[in-house]
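# An overview of the molecular structure
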Amino acid sequence: MIRQLLVVLVAAYAWAKMEVEIEGEHGWAKNLPTWRLDHPILNWLMNGRPLTGYHFWAFTFVFFIFHLPILWTGVWSWQMECRIMGSVSLFWVVEDFIWFIVNPHYGLDRHKNGHIWWHKSWFWGFPTDHWGMLLMSVVLIAVSFR
C-alpha cells in the first residue's frame, strides 16, 4: 500500500508540474484553445466548472494509464478495479493541491475560497469536491485490500 501511495504521489506531482507549465496562472484551462461545455448537468457533475476539452482528455488519459496493468495482463477483478479507481480519485485530489503549491502564481497562501474561481464551494479549507473524492478514495482502496 505504501508503494501504491508513493506512485500516486509522484505521478500527481509530475502531472501538476506539467499542468503548471501549460496553464501558468490561468487555472482550469481558462486561456487554453480548447472547447468548453457549460450545461447544468455537467456543472453539477463538475462541481460548478465547465467541462473543457483539455480536462476531458486529461481525465481520459489518466484513467487509461491507471488501467494499463489490467490491459497488459488481461486479468480483471473487482478488487483491482476498486484499487485503481480509488487511486485515480486520490491522484486528482493530490494533483490539484500540488498544482497550487508548485505554481508560483498561487502557493498555499492563495489556496482558499475567493482566490480560485473554479473551486466554488469550500469546506474546512479545501474545495468540497476534494473531500468527496478523498472519501471515495479511502473507501475504494480499503475495500480493495479486503
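You'll find the structure just up there.
Attention here is on the structure that accompanies the text. (Residues numbered from 1 in each chain as written. Predicted model: local features only at pLDDT ≥ 70, side-chain atom pairs only at ≥ 80, totals over all residues. Heavy atoms only, no water.)

### Focus: the packing of helix H1 (residues 2-23) against helix H3 (residues 53-66)
What counts here: To obtain each axis, a line is fitted to C-alpha atoms, and for helices this fit is confined to the stretch in contact; angles are then taken between N-to-C directions over 0 to 180 degrees. Comment: elements are numbered from the N terminus, with helices defined as DSSP H or I runs of at least four residues and strands as E runs of at least two. For classification, angles of less than 35 degrees are called roughly parallel, those exceeding 145 degrees roughly antiparallel, those between 65 and 115 degrees roughly perpendicular, and all remaining angles oblique. The hand of a helix crossing depends on one turn: near helix anticlockwise from the far one by less than a right angle means left-handed, and clockwise means right-handed. For this analysis, residues touch if any pair of their heavy atoms sits within 4.5 Å. Note on residue classes: Ala, Val, Leu, Ile, Met, Phe, Trp, Tyr, Cys and Pro are nonpolar, Asp, Glu, Lys and Arg are charged, and everything else, Gly too, is polar.
Closest axis-to-axis distance for the H1/H3 pair is 14 Å, and the angle between their directions is 155°. Judged on the interaxial angle alone, H3 and H1 are roughly antiparallel. Considering how the two elements wind past one another, H1 and H3 form a crossing that is right-handed. Residues Val8, Trp15, Glu19, Ile22 and Glu23 of H1 pack against Tyr54, His55, Ala58, Phe61, Val62 and Phe66 of H3. Here the residues of the contact of H1 with H3 sort into 8 nonpolar, 1 polar and 2 charged.

### Overview of the pattern of salt bridges
Which entries qualify depends on this criterion: The term salt bridge refers to a pairing of a side-chain nitrogen on Lys or Arg with a carboxyl oxygen on Asp or Glu at a separation within 4 Å. Burial here depends on accessible area, computed with a 1.4 Å probe over protein chains only, as a share of the maximum for the residue type. Under 20% is buried, over 50% is exposed, and the range in between is partly exposed.
A full pass over the atoms with the stated rule returns 1 salt bridge. Arg49 is paired through a salt bridge with Asp129; the nearest N and O atoms lie 2.7 Å apart. Taken as a pair, Arg49 in the loop between helix H2 (40-45) and strand E2 (51-52) and Asp129 in helix H6 (residues 128-144) lie far apart in primary sequence, 80 residues in all. Comparing Arg49 with Asp129 shows no difference in burial state: the two are buried.

### Section: the layout of surface pockets
To keep things clear, this is the line we draw: Of the grid points, spaced at 1 Å and generated over the protein atoms alone, those admitting a 1.4 Å probe that cannot get out make up cavities, while open sets with protein on both sides within 12 Å along at least five of seven lines make up pockets; any residue with an atom within 4 Å of a point is treated as lining. Grid points are joined across faces, edges and corners, and a volume is the space filled by probe spheres set on the points.
Volume-wise, the largest pocket comes out at about 640 Å³. Lining the largest pocket we find 23 residues, and of these Met46, Arg49, Phe59, Trp92 and Met133 sit closest to its centre. Put simply, the parts of the chain that give the lining of the largest pocket at least two residues each are H1, H3, helix H5 (78-102) and H6. Residue contributions to the lining of the largest pocket peak at 7 residues, all from H5. Partitioned by chemical class, the residues of the lining of the largest pocket number 12 nonpolar, 5 polar and 6 charged. Within this model, the second largest pocket holds a volume of roughly 420 Å³. In the lining of the second largest pocket, the residues fall into 10 nonpolar, 2 polar and 2 charged.

### Details of the nonpolar core
Going by this rule: Nonpolar core, defined: a set of buried Ala, Val, Leu, Ile, Met, Phe, Trp, Tyr and Cys residues in which side-chain atoms within 4.5 Å join the residues together.
With 26 residues, the main nonpolar core has Phe66, Phe91, Trp92, Trp99 and Trp118 as its most contacted residues. Taken together, the elements giving at least two residues each to this core come down to H1, H3 and H5. Ranked by residue count, the leading element in this core is H5, at 9 residues. The contacts of Trp92, once residues within four sequence positions are left out, are Trp15, Ala58, Phe59, Val62 and Met133.

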